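Structural overview
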Amino acid sequence: MTNDARVTGAVLDFIGRARWREFPSEAVALAKRCVIDGLGVMLAGSTTRASAILREYTRASDGRADATAFAPEPFHTGAASAALLNGTSGHALDWDDTQLSTSADRIFGLLTHPTMPPLAAALALGERHRLSGTRFLEAFLTGFEVECKIAEAIHPHHYKKGFHSSGTVGTFGAAVAAAKLLGLDREATAHALAIAASMASGIRVNFGTMTKPLHVGRASQNGVVAAELAAKGFTGGHDALDPPWGFFQVFSFGDGFDADRIVGTLGNPYTIVSPGVSIKPYPCGVLGHPTMDAMRKLVIANDVKPEQITAIRVRAGSNILNPLRYPTARNELEAKFCPAFMVSAIALRRKAGIHEFADEFVRSAPVQQMMMKVERILDEEIEARGFEKIRSTVEVDLDDGRRLVEHADERYRGGPDRPFTREDLHEKFSECAALVLPPASIDETFAMVESLEDVVDISDLALSMSGATR
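Cut-offs used in this document
- Residues numbered from 1 in each chain as written.
- Predicted model: local features only at pLDDT ≥ 70, side-chain atom pairs only at ≥ 80, totals over all residues.
- Heavy atoms only, no water.
- Helix = DSSP H or I, 4+ residues; strand = E, 2+ residues; numbered from the N terminus.
- Rg over C-alpha atoms; globule rule 2.2 N^0.38 Å.
- Buried < 20%, exposed > 50% of the residue type's maximum accessible area, 1.4 Å probe, protein only.
- Core = buried A, V, L, I, M, F, W, Y, C linked by side-chain atoms within 4.5 Å.
- Contact = heavy atoms within 4.5 Å.
- Salt bridge = Lys/Arg side-chain N within 4 Å of Asp/Glu carboxyl O.
- Lys, Arg positive; Asp, Glu negative; His and termini not counted.
- Polar contact = N/O pair within 3.5 Å; in protein donor to acceptor, adjacent residues only side chain to side chain.
- Pairing = 2+ DSSP bridges.
- Axes fitted to C-alpha atoms, helices over the stretch in contact; angles between N-to-C directions.
- Disulfide = S-S within 2.5 Å.

When you go through the protein chain residue by residue, the secondary structure sums to 21 helices and 8 strands. For 470 residues, the compact-globule estimate of 2.2 N^0.38 gives 23 Å, and the C-alpha radius of gyration of the protein chain, at 21 Å, lies within 12% of that figure. Here the protein chain holds 470 residues, and 63% of them are scored as buried.

Written out as structure tokens, the structure is:
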């Protein structure tokens, strides 16, 4: 390790000292909530066409039987391939959780979907090596923390100029979790980080296509591969994160990073605790969720019927309108990044769940007609307030001349200020898992994760998620 590799050294120090019993109880409790949510959206996402294509490809190319690929018809494959498949499924519906920002210059959307890469990697390797629930949680929490701090530290140009953080930074979350589970020493872990840095990828042009969730699947897979190669003696640079040629400098287009956001901050506090994460109420880009809640509040409070609406205006900042890039949606993948669809679905059905984010509904005449009534407006006042919060306003014109206005609540559902209750979490998990699992397996899996520290063999969790109850 060179003396000037300060950031890489700080990360390696944290990974080396991270121990299960030293994680604060609040972090452990929140980790189990993230795992429950992640497993649910993983199961639901396995029913998508993108996941089915990837499974078909993997079945023909990796016949190993290390870990489970979860699906309506689950099967075993290599650990890295299982991480690829499960990670892709976990992001396929864009329903997995979101890291929160700590300051106005860190745009909400530029951070990661933090759970899925370390979860998919730890689940695959944990099953292969039949490790305990505590080992699994230790690895998950360690990977989660490193991933979030890297995302917080890198210059915002990383995301604003085109990288998808969940694919790039997520690779480190998976690699750290995998390195922890494999018991790599400091030198091998440094190599794993360097290998991961060269494998990290994902660009935002693919938002609204099957390739966006593939970014997260590849992050999960690449993390496993990086750690496994390092375990065998494969080498990489010792300063993977540091200037002049490390991840932070190269992946920020030369604008670097804020070292104070990572050196001295790892575990101080844990990001999962503060500022926390957002568990999504809707299966789409989180930047649209407060707007959807505002629209839902407006139509219910005023009993607005779809046929009464003559125009809808969504006022927001560039941090919302740029990533939510589609003026109208032609399919459910585009709908996940289309404010016009988001408010139209609420206007028509007063909800927007799995059944609304479906091609048949998106392409239906009522939806297409309603979307044509929606205007997206860059609001300079909202823009000037900064980007660490999701801020928007919905205006609805009615055929009787009324104009209804609703401002989005910055304390959005699923965030730390309005967290899911246990009942909310169970409802979402059950809705997702019911697409694949029988009721008994749903309840067993939920209960098992709630007491994950008591699980002796993580393969029992994989068995339950495969629909086989004990």
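Now that the structure is up, let's keep going.
Leu39, Phe136, Ile150, Phe247, Phe248 and Leu461 are the most contacted members of the largest nonpolar core, which has 102 residues in total. Discounting chain neighbours no more than four positions away, the residues touching Ile150 are Val169, Phe172, Leu241, Phe247, Phe248 and Ile262.

Let us now look at the pattern of salt bridges. Under the counting rule described, the total for this entry stands at 32 salt bridges. Note that Asp66 is salt-bridged to Arg128, the shortest N-O span being 4.0 Å. With a gap of 62 residues between them, Asp66 in the loop between helix H3 (49–59) and strand S1 (67–69) and Arg128 in helix H5 (residues 116–129) connect regions that are remote in the sequence. In this structure Asp66 comes out as partly exposed when scored by relative accessible area, which is 23%.

What follows concerns the environment of Thr291. Here Thr291 lies in helix H12 (residues 289–301). Its relative accessible area of 5% is what places Thr291 among the buried residues. Placed 101 residues apart in sequence, Thr291 and Ser392 show a C-alpha to C-alpha distance of 6.1 Å.

So, about the side chain of Asp97. Here Asp97 lies in the loop between helix H4 (79–92) and strand S3 (98–99). We note that Asp97 is buried and unpaired, the nearest opposite charge coming from Lys428 at a distance of 8.2 Å. Among the polar contacts listed, one links the side chain of Asp97 to the side chain of Thr115, at a separation of 2.5 Å. Leaving out residues up to four positions away in the same chain, Asp97 has contacts with Cys34, Asp37, Thr112, His113, Pro114, Thr115, Val277, Ser278 and Ile279.

What follows concerns the pairing of strand S7 (residues 392–398). Burial of S7 is extensive: 7 of the 7 residues sit out of reach of the surface. Residue alternation in S7 divides its side chains into two sets, Ser392, Val394, Val396 and Leu398 and Thr393, Glu395 and Asp397, and both sets are buried. In this structure, strand S5 (residues 309–316) lies alongside S7, joined through 7 bridges in antiparallel fashion. Bridging across to S7, Ala311 finds its partner in Asp397. Strand direction decides the pairing type here: S7 and strand S8 (residues 403–407), joined by 5 bridges, are antiparallel. Opposite Val394, over in S8, you have Glu406 as the bridge partner. Counted along the chain from S7 to the antiparallel partner S8, the turn is 4 residues long, and its residue Gly401 has a positive phi close to 95°.

Judged by pairing direction, the sheet is mixed, and its 4 strands sit side by side in the order S6-S5-S7-S8 without closing on themselves. Of all the strands in the sheet, just strand S6 (374–378) and S8 have a single pairing partner and so form its edges. Between one strand and the next, the sheet's axes are offset by a mean angle of 15°, whatever the strand orientation. Across the sheet, H12 lies against S5, S7 and S8, angled at about 35° from S7, the strand it touches most.

Turning our eyes to something else, we now look at the state of the cysteines. Scanning all chains against the criterion turns up 0 disulfides. Of all cysteine sulfurs in the structure, the one in Cys284 sits closest to Cys338, which takes part in no disulfide; the separation is 10 Å. The exposure class of Cys338 is buried, given its relative accessible area of 0%. With no disulfide partner, Cys432 has as its closest neighbouring cysteine sulfur the one in Cys284, 13 Å distant.

By themselves, these observations are geometric and do not establish any function.
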